[in-house]
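Structure assessment
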2 protein chains.
Amino acid sequence: MTHTNTAALDTALAYHRAWTSHDFEQAMTYIADDIVCQAPAGRLAGAEAFRGFMGPFTHILTRSNLIAAFGDDTTALLMYDTDTLPVQDAPGAECLTVRDGKIVHMRIIFDRLPFEAARRAPRPG
Amino acid sequence: MTHTNTAALDTALAYHRAWTSHDFEQAMTYIADDIVCQAPAGRLAGAEAFRGFMGPFTHILTRSNLIAAFGDDTTALLMYDTDTLPVQDAPGAECLTVRDGKIVHMRIIFDRLPFEAARRAPRPG
């Protein structure tokens, strides 16, 4: 359908495919060392901070579904749905800036409320 | 840049411009009577249910900024930032399906946690 340069979208989809298939180390190869990530809880600077945020999420992921993905040569925008161990039907959206095949900026949106509710819920045992 | 049919994006941007400029009645002219909206709190069916969800939000909106917007002939994907009376820096993302110039489906993602925290906070007076 599209005739634009989709370099950023290509990188975003490669990153997305990697982490949703539980290959987080492969996903990290698309993350710039100096990535800045604006997450719901605040700003994360650098690949190691990003790893500490996103890595644990991939461990609780049980299902994912890409809802929509668009992009051009510099920017990609993705929306997806996930199921996780604590929360079912937890969608997310990411706006990614890509430079030289690496994600240098990510703005990620998801609803923290059900995760917070699950964290506070009494655990069996 | 793009050579695709962007009919859905055009409608999505017209809707977005209307509600972010506090003309919610104009925004509602882009909403199909039988819209289905998947919001963080659950599924809303029909334009009146949608009005009850989105209308109050436009009343607390103090600033907005479109972060990214893409789309084709049927689907649009938007990410934006907002400031609201209770919560600053409250971004949202919407995936819209458009048919005959009307939004028939919307999946909207935002973080309810800061709104819940503001609701629970002690009020002055």
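A few points on the structure. Keep in mind the model is a prediction, meaning the values are calculated, not measured.

**Section: the sheet that holds strand 5 (residues 92-99) of chain B**
Residue and element names in this part refer to chain B.
- Reading across the sheet, the six strands line up as 2-1-6-5-4-3 and stay open at both edges, with mixed pairing between neighbours. Single-partner strands in this sheet number two, and they are strand 2 (42-45) and strand 3 (61-71). For this sheet, the mean angle separating the axes of adjacent strands, direction not counted, is 20°.
- As paired strands, strand 4 (residues 75-84) and strand 5 are joined by six bridges and run antiparallel to one another. Looking at the pairing, alanine 76 lines up with leucine 96 of strand 5.
- On the sheet, helix 3 (residues 47-60) packs against strand 1 (31-39), strand 2, strand 3, strand 4, strand 5 and strand 6 (102-110) and is oriented at approximately 70° with respect to strand 1.

**Looking at the interface of chain A and chain B**
- In this assembly, 31 residues from chain A lie in contact with 31 residues from chain B.
- Between chain A and chain B lies a buried interface of about 2500 Å² when both sides are counted; carbon and sulfur atoms form 75% of it.
- The interface formed by chain A and chain B includes six salt bridges.
- On the surface where chain A and chain B come into contact, there are four residue pairs in polar contact (both at pLDDT 80 or more).
- Among the secondary structure elements, those contributing two or more residues to the side of chain A that touches chain B are strand 3 (61-71), strand 4 (75-84), strand 5 (92-99), strand 6 (102-110) and helix 4 (113-120) of chain A.
- Counted by class, the side of chain A that touches chain B contains 16 nonpolar, six polar and nine charged residues.

**Some details on unusual backbone geometry**
- One non-glycine residue, A:Asp100, lies in the positive phi region at around 50°.
- Here A:Asp100 is to be found in the loop between strand 5 and strand 6.
- Among the residues examined, A:Asp100 registers a relative accessible area of 77% and is labelled exposed.
- For B:His22, which is not glycine, the phi dihedral falls at a positive 65°.

**So, the sheet that holds strand 1 (residues 31-39) of chain A**
Residue and element names in this part refer to chain A.
- Spatially, the six strands line up as an open sheet ordered 2-1-6-5-4-3, and their pairing is mixed. Two strands lie at the open edges of the sheet, namely strand 2 (42-45) and strand 3, each paired on one side alone. The mean angle between the axes of side-by-side strands here comes to 20°, regardless of whether they run parallel or antiparallel.
- Pairing of strand 1 with strand 2 involves four bridges; the strand directions are antiparallel. Following the sheet pairing, valine 36 is matched in strand 2 by alanine 45.

**Remarks on the relation of the copies chain A and chain B**
- Rotating chain A by 180° and translating it 0.0 Å along the rotation axis places it on chain B, where the RMSD comes to 0.0 Å. Seen this way, the second copy is the image of the first under a two-fold rotation axis. Measuring from the rotation axis to each C-alpha of chain A, the shortest distance belongs to A:Asp111, at 2.0 Å.
- Of all interface residues in chain A, 100% are interface residues in chain B too; the two copies therefore contact each other through one and the same surface.

Cut-off values and rules
Along every chain, residues carry numbers that run from 1 in the direction the sequence is written. Written order determines the labels here, with chains lettered from A and ligands numbered from 1. Where totals are concerned, whole chains, interfaces and linings use all residues; where local detail is concerned, this predicted model gives features only for residues with pLDDT of at least 70, and gives and counts side-chain atom pairs only at 80 or more. Excluding hydrogens and water, the side-chain figures rest on all heavy atoms present in the structure. A pair of strands counts as paired when DSSP detects no fewer than two bridges linking them. We count a stretch as a helix when DSSP gives it H or I for four or more residues in a row; a strand needs E for two or more, and each element gets its number in order from the N terminus. The axes used here are C-alpha line fits, helices contributing only the stretch in contact, and every angle between their N-to-C directions lies in the interval 0 to 180 degrees. By definition, residues are in contact when any of their heavy atoms lie within 4.5 Å. Throughout, buried area stands for the accessible area (probe radius 1.4 Å) lost by two parts on being put together, summed over both. Any carboxyl oxygen of Asp or Glu within 4 Å of a side-chain nitrogen of Lys or Arg constitutes a salt bridge here. The term polar contact refers here to a pair of N or O atoms within 3.5 Å; inside protein, the definition further demands a hydrogen-donor-capable atom paired with an acceptor-capable atom, and it admits residues adjacent in sequence only when both atoms are side-chain atoms. Side-chain classes are defined by residue name, with Ala, Val, Leu, Ile, Met, Phe, Trp, Tyr, Cys and Pro counting as nonpolar, Asp, Glu, Lys and Arg as charged, and the others, Gly among them, as polar. Buried residues are those whose accessible area, probed at 1.4 Å on protein chains only, stays under 20% of the maximum for their type, while exposed residues exceed 50% and partly exposed ones sit between those limits. C-alpha atoms of residues with pLDDT of at least 70 in both copies form the basis for the least-squares superposition of the copies.

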